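The lines below spell out each chain.
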2 protein chains.
Amino acid sequence: METADLLERCYPGRRAELKRDIFRKALGLFNEQGIEATTIEMIRAECDTSVGAIYHHFGNKEGLVAALFFTALDDQARLRDSYLADAHTAQAGVHALVHSYVDWVDSQPEWARFQYHARFAVTKGPFKDELASRNKTRNKQLLEWLGAQGNELGCFPAELIPSLIVGQADSYCRAWLSGRVKGSPKAYRDMLAEAAWRSLCTTETQ
Amino acid sequence: METADLLERCYPGRRAELKRDIFRKALGLFNEQGIEATTIEMIRAECDTSVGAIYHHFGNKEGLVAALFFTALDDQARLRDSYLADAHTAQAGVHALVHSYVDWVDSQPEWARFQYHARFAVTKGPFKDELASRNKTRNKQLLEWLGAQGNELGCFPAELIPSLIVGQADSYCRAWLSGRVKGSPKAYRDMLAEAAWRSLCTTETQ
DNA sequence: GACGGTTGCAGAATAATATTCTTTAACAGA
DNA sequence: TCTGTTAAAGAATATTATTCTGCAACCGTC
């Protein structure tokens, strides 16, 4: 359901029907079998189409992986921005970041799982520069936003702060998506947000 | 240097020379080119050996990846156990966990980088059961150890605790290994350990 | 509503890569 | 020395990714 919405929004229209279907089926296969273990032939068979069509839309296997990856990244960013728009203190910002992270993973587990597993491939491949620049601007915006709230996070190195905020949530989401733990991260969203905030408060009482 | 020691310890003797060399060169190639982008032929050329030798030692490409992965896992566990042996309070335990994690990544960056990237492949492949059982027993031991220190972490769900302890360090180590941040995690080891401990303390003053 | 150009798709042909298999040499113990 | 076991080589094969050529659907324009 959400998957359908996500794809419909990013690649709308009747003429993109096959493209969306390739996205959907490839996502499933990559997650079930692993990225290198799924062959173009498997995707072709699943979509009942031709290899030519797949290469027409995505160039090659790596391009398909990258397209899936950036689609997920964009959707995640959309939710984060919407949460941040309502936050007006540093604490509210930290909560918004953790909550948006957790909620997105909970609502799009398939995309999240893929995102984790494909990051390395994209980091090495021809889209590494795009990924790097996106990461850089995102982190910069984040730190500027936090600074603008007039808070007191100055005692931490800037490059450490993003990890302090989302590290724990990220770790738990990974564990959940790989089946090592059972409880949905959404069930712990407040605990995770408060833990992150506590870890940042060196002096004042939470 | 440390790499040589690690390999010499795990696979000692003159007759394992080629095996160690394959390990070393494959590790480098996997990290530089990515796992699927490095071919058996590249590894063969780098080691100046034959494909037969590689398949003789590791079965197939997946087996080589898994062997590298578990070697890294074992080495990491060895350091963790040595740190934990000296800790006798819950707080000291949390510090030991964060410190051992950070110090290992700092001392074996190549192995750590590979470990991050190969986890998914191993999770899907024929060694998934071994990995799963290792994870399970490790977490169980950890929680039992913490419980035995007579602490007060009962307010958190058990499955959440490991992420709360090492999540932030893990996140920063990933960022460092992929070049997104510059400062070695070792420089922040105390900050990370204290942040983790703070995040766990709901009532008492740090 | 024909027409030129563009995009979407098919599938055989090809290239790159992983894996197997057979053979030979080196070694370790009796 | 003999014997079984392990190490290594490399040609042969199987699998998989990618290319390329041709055809059909579509889209704006006259």
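Residues numbered from 1 in each chain as written. Chains lettered and ligands numbered in written order. Predicted model: local features only at pLDDT ≥ 70, side-chain atom pairs only at ≥ 80, totals over all residues. Heavy atoms only, no water.

Draft legend 1. Broad picture of the protein's contact with DNA strand C. The local shell around DNA strand C holds 18 residues, among which A:T49, A:H56, A:H57, B:I40 and B:Y55 are the closest. Near-protein atoms of DNA strand C (within 4 Å) split between backbone and bases, with sugar and phosphate holding 73%. Within the side chain of A:H57, one N or O atom sits 2.5 Å away from a phosphate oxygen of DNA strand C. Within the contact set of DNA strand C, a phosphate oxygen lies 3.1 Å away from a side-chain nitrogen or oxygen of B:Y55. Going through the elements one at a time, α4 (51-58) of chain A together with α4 (51-58) of chain B are the ones with two or more residues in the surface near DNA strand C. The dominant element in the surface near DNA strand C, judged by the number of residues it contributes, is α4(A), at five residues. Looking at the surface near DNA strand C, its residues break down into six nonpolar, eight polar and four charged. (Near = heavy atom within 4 Å. Polar contact = N/O pair within 3.5 Å; in protein donor to acceptor, adjacent residues only side chain to side chain. Helix = DSSP H or I, 4+ residues; strand = E, 2+ residues; numbered from the N terminus. Nonpolar A, V, L, I, M, F, W, Y, C, P; charged D, E, K, R; others polar.)

Draft legend 2. Geometry of a negative patch on the surface. Together, A:E36, A:E62, B:E36 and B:E62 line one region of the surface with negative charge. As for its position among the elements, A:E36 is in the loop between α2 (17-33) and α3 (40-47). (Patch = residues over 30% accessible without salt bridge, like charges linked within 9 Å, V, L, I, M, F, W, Y side chains within 5 Å. Areas by Shrake-Rupley, 256 points an atom, 1.4 Å probe, with all protein chains shown as cover. Salt bridge = Lys/Arg side-chain N within 4 Å of Asp/Glu carboxyl O. Lys, Arg positive; Asp, Glu negative; His and termini not counted. Charge placed at Lys NZ, Arg CZ, Asp CG, Glu CD.)

Draft legend 3. Expanded view of the protein's contact with DNA strand D. Close to DNA strand D lie 18 residues; A:I40, A:Y55, B:T49, B:H56 and B:H57 are nearest. Within 4 Å of the protein, atoms of DNA strand D come from sugar and phosphate in 73% of cases. Note that a phosphate oxygen of DNA strand D is positioned 2.5 Å from one of the side-chain N or O atoms of B:H57. Elements supplying a minimum of two residues to the surface near DNA strand D: α4 of chain A together with α4 of chain B. The dominant element in the surface near DNA strand D, judged by the number of residues it contributes, is α4(B), at five residues. Of the residues that constitute the surface near DNA strand D, the class distribution is six nonpolar, eight polar and four charged.

Draft legend 4. Up close: the confidence of the model for chain A. Counting all residues, the mean pLDDT for chain A is 93, and 96% of those residues have values of 70 or more. Mean pLDDT across the elements of chain A bottoms out in helix α1 (residues 2-10) of chain A (74) and peaks in helix α9 (residues 161-177) of chain A (98). (pLDDT = per-residue confidence, 0-100.)

Draft legend 5. Focus on the interface of chain B and chain A. Counting from both sides, the interface comprises 36 residues of chain B and, opposite them, 36 residues of chain A. The contact between chain B and chain A buries some 3,400 Å² in all, and 59% of this surface belongs to carbon and sulfur atoms. Considering only the surface of chain B that becomes buried against chain A, B:F120, B:E159 and B:R198 emerge as the three largest contributors, covering 19% of it. Counting residues per element, the ones that place at least two in the side of chain B that touches chain A are α2 (17-33), α7 (109-124), α9 (161-177) and α10 (189-200) of chain B. (Contact = heavy atoms within 4.5 Å. Buried area = accessible area lost by both parts, 1.4 Å probe.)

Draft legend 6. Up close: α9(A). Residue and element names in this part refer to chain A. Counted at 1.5 Å a residue, the expected span for α9 with its 17 residues is 24 Å, and the 24 Å between its end C-alpha atoms agrees. Roughly 50° is the biggest bend found in α9, and it falls at G167. Extensive coverage of α9 is indicated by the burial of 16 of its 17 residues. Just downstream of α9 lies G179, where phi reads positive at about 85°. (Expected span 1.5 Å × (residues − 1). Bend = angle between axes of the 7 residues up to and from the residue. Buried < 20%, exposed > 50% of the residue type's maximum accessible area, 1.4 Å probe, protein only.)

Draft legend 7. Summary view of the environment of B:R180. Within the secondary structure layout, B:R180 lies in the loop between α9 and α10. Exposure remark for B:R180: the relative accessible area of 40% places this residue in the partly exposed category. When near neighbours in sequence (up to four residues on either side) are disregarded, B:R180 contacts A:N135, B:R174 and B:A175. A distance of 3.0 Å separates the side chain of B:R180 from the side chain of B:S178, its partner in a polar contact.

Draft legend 8. Quick look at the environment of A:F58. By the secondary structure assignment, A:F58 is in helix α4. Each C-alpha atom, one on A:F58 and one on A:L6, is 18 Å from the other, the two residues being 52 residues apart in sequence.

Draft legend 9. Region of interest: the side chain of A:T49. Residues and elements named next belong to chain A. Secondary-structure assignment places T49 in the loop between α3 and α4. According to the relative accessible area criterion, T49 is buried, its value standing at 17%. If we skip the residues at most four places from it in the chain, T49 touches L18, R44 and I54.

Draft legend 10. Quick peek at the pattern of salt bridges. Under the defined criterion, the tally for this structure stands at 22 salt bridges over all chains. When salt bridges with common partners are traced through the structure, they connect A:R9, A:D75 and A:R78 into a single cluster.

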